[in-house]
Amino acid sequence: MHNMAKPQGTKSPHTLRLAFLGGGSFGTAMSNLAARNGCDSTLWVRNKRTVKSLQKNRVNKKYLPGYILDERLKYEHDLKAAVQDKDIIFVAVPSSAFRETLRKIRPYLSGQSVVSLTKGMEKDTFSLMSDIISQELPEVNFGVMSGPNLAVEIMQNMPSASVIASDSEPLRHAVQSALHSAFFRVFASDDIKGVELGGALKNIYAIAMGMAASYNVGENTKAMLLTRGLAEMSRFGVASGANPLTFLGLAGVGDLYATCSSELSRNYRIGNMLGNGMSLEAAIKKLGQTAEGVNTIQQVHEKATKLGIYMPITHALYAVIFEDQAALGVALNLMESGFRSDVEFVMPHEYSNESLNAQMNATSKK
Ligand SMILES: NC(=O)C1=CN([C@@H]2O[C@H](COP(=O)(O)OP(=O)(O)OC[C@H]3O[C@@H](n4cnc5c(N)ncnc54)[C@H](OP(=O)(O)O)[C@@H]3O)[C@@H](O)[C@H]2O)C=CC1
Ligand SMILES: O=C(CO)COP(=O)(O)O
């Protein structure tokens with residue numbers, strides 16, 4: 001393995017050699033985007049029969065039925081063949097499979113860069129995907145990509161945008177060259193933690209919003225949930241070393257908005273099914289696809305409790321989903337909780353509580 005200053009080779013963007021690991025909806029959509037852009041794009045799928053079916057039909061029948069894939073996209077079942085001699089390896093497997101996938105590709109690395117497309121946290125360790133890359137592939141040049149990117153809309157050529165975050169300017173540029181098109185803009189960032197946390201944390205609030213929708217809440221309530229969710233995200237981000245301003249970008253409020261407003265989001269759908277009375281097990285089974293938010297709620301609830309980070313919506317969701325508390329009672333408690341500042345980076349909430357308490361005491365003494 002080499003510590004690369006820039007992605008392997010000095011070829012023009014259109015001959016970049018890319019591997020996409022994970023045959024779900026996102027790996028498929030992104031590898032298709034790259035193939036359509038003229039890159040040498042290979043999708044690695046663990047199931048041999050799926051590879052045969054993709055080669056024959058050019059359709060991912062399980063995860064993206066009805067969408068014909070670009071004829072230049074290649075499919076591979078052999079991991080070594082998929083990743084060797086590539087410039088960039090994009091990893092789009094669920095967070096639960098991320099570490100094992102990196103371990104499997106490690107013997108075949110000889111200078112490739114790695115970009116995570118995964119939006120989650122590892123169970124029990126609270127590792128983000130960038131942490132796992134640093135631990136498992138310490139010498140590899142890496143980045144993370146995240147943004148409002150519902151896979152189905154990308155397949156439908158709906159104009160979309162995303163963010164590549166990396167410390168390596170050449171890698172950021174290579175990813176922009178590979179994926180940027182008239183339908184898909186790729187913006188750059190060097191706040192890896194912020195971009196990654198944006199993609200992971202918004203899944204919590206997508207579940208909350210799906211649940212709220214099952215109670216037919218109004219637009220005021222949705223707006224409150226979304227913006228107070230954003231406040232939690234940036235608070236947690238700052239405690240984790242991210243730049244809070246990143247949450248104002250595509251990977252923060254952008255992705256939060258997309259996933260909180262669309263039934264295309266699997267996390268939103270899980271929340272909606274739970275709100276309609278289905279058990280968590282039944283909802284996950286019915287979905288049949290990845291919903292990272294279920295694990296993320298547990299991870300963030302635990303971490304925020306341990307570190308004393310104020311995350312009332314996350315704790316409330318945890319209580320409803322994992323402690324069987326009644327959703328309406330929990331929501332009422334949330335509404336009745338104490339005075340807070342709106343944007344605590346503008347007015348720290350300790351100050352707002354203090355001054356409000358002083359005002360109230362003064363009023364009650366009159
Ligand atoms: N879909 C979307 O719109 C977006 C998804 N993402 C993120 O991308 C990641 C992947 O999600 P998505 O593609 O949607 O997931 P899907 O549920 O659509 O598919 C999951 C894929 O991962 C494969 N897989 C599961 N476990 C393993 C493993 N141990 N080794 C190898 N492959 C495995 C599955 O294979 P099999 O079918 O054989 O089980 C399947 O191909 C998630 O973190 C998600 O948050 C990010 C942006 C958008
Ligand atoms: O991250 C996504 C869109 O940006 C996809 O969200 P879901 O995983 O909830 O489908």
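Everything quoted here is computed from the prediction, not taken from an experiment.

Asker: A description of the UniProt feature "binding site: substrate" (unreviewed entry) in the chain should follow, citing residues and the corresponding values.
Answerer: Annotation from UniProt places "binding site: substrate" (unreviewed entry) at K119, R266 and N267. Their sequence span is 149 residues, while the largest C-alpha to C-alpha distance among them is just 12.5 Å; these annotated residues converge on one region. Following the sequence through the fold, K119 ends up in the loop between strand 5 (113–116) and helix 5 (129–136). Apart from the residues lying within four places of it in its own chain, the contact partners of K119 are S146, G147, G199, A200, K202, N203, D255 and E292. A distance of 2.8 Å separates a polar side-chain atom of K119 from the backbone oxygen of G147. With respect to the helices and strands, R266 occurs in helix 11 (residues 266–275). With sequence-adjacent residues up to four places away left out, R266 is seen in contact with S25, L287, Q289, T290 and A291.

Asker: Run through the domain arrangement of the chain, naming residues and quoting values.
Answerer: Examined at the domain level, the chain breaks down into domain 1 (15–190) and domain 2 (197–342). Taken over C-alpha atoms, the centre of domain 1 sits 26 Å from the centre of domain 2. Between domain 1 and domain 2, the residue contacts involve 25 residues of the former and 27 residues of the latter. Its salt-bridge partner being D255, residue K119 comes within 2.8 Å of it at the nearest N-O pair.

Asker: Tell me what's going on with the site of ligand 2, and back it up with residues and numbers.
Answerer: Close contacts around ligand 2 come from K119, G147, P148, N149, L150, K202, D255, T259, L264, S265, R266 and N267, and that covers them all. The contact in question runs from an oxygen atom of ligand 2 to an N or O atom on the side chain of K119, over 2.7 Å. When the free accessible area of ligand 2 is taken as 310 Å², the share hidden by the protein chains comes to 92%. Listing elements by their share of the shell around ligand 2, those giving two or more residues are helix 10 (250–260) and helix 11.

Reading the values: rules and limits
- Residues numbered from 1 in each chain as written.
- Chains lettered and ligands numbered in written order.
- Predicted model: local features only at pLDDT ≥ 70, side-chain atom pairs only at ≥ 80, totals over all residues.
- Heavy atoms only, no water.
- UniProt positions renumbered as here; feature names shortened; annotations may be inferred.
- Helix = DSSP H or I, 4+ residues; strand = E, 2+ residues; numbered from the N terminus.
- Contact = heavy atoms within 4.5 Å.
- Polar contact = N/O pair within 3.5 Å; in protein donor to acceptor, adjacent residues only side chain to side chain.
- Domains from an automatic or database assignment.
- Salt bridge = Lys/Arg side-chain N within 4 Å of Asp/Glu carboxyl O.
- Near = heavy atom within 4 Å.
- Areas by Shrake-Rupley, 256 points an atom, 1.4 Å probe, with all protein chains shown as cover.

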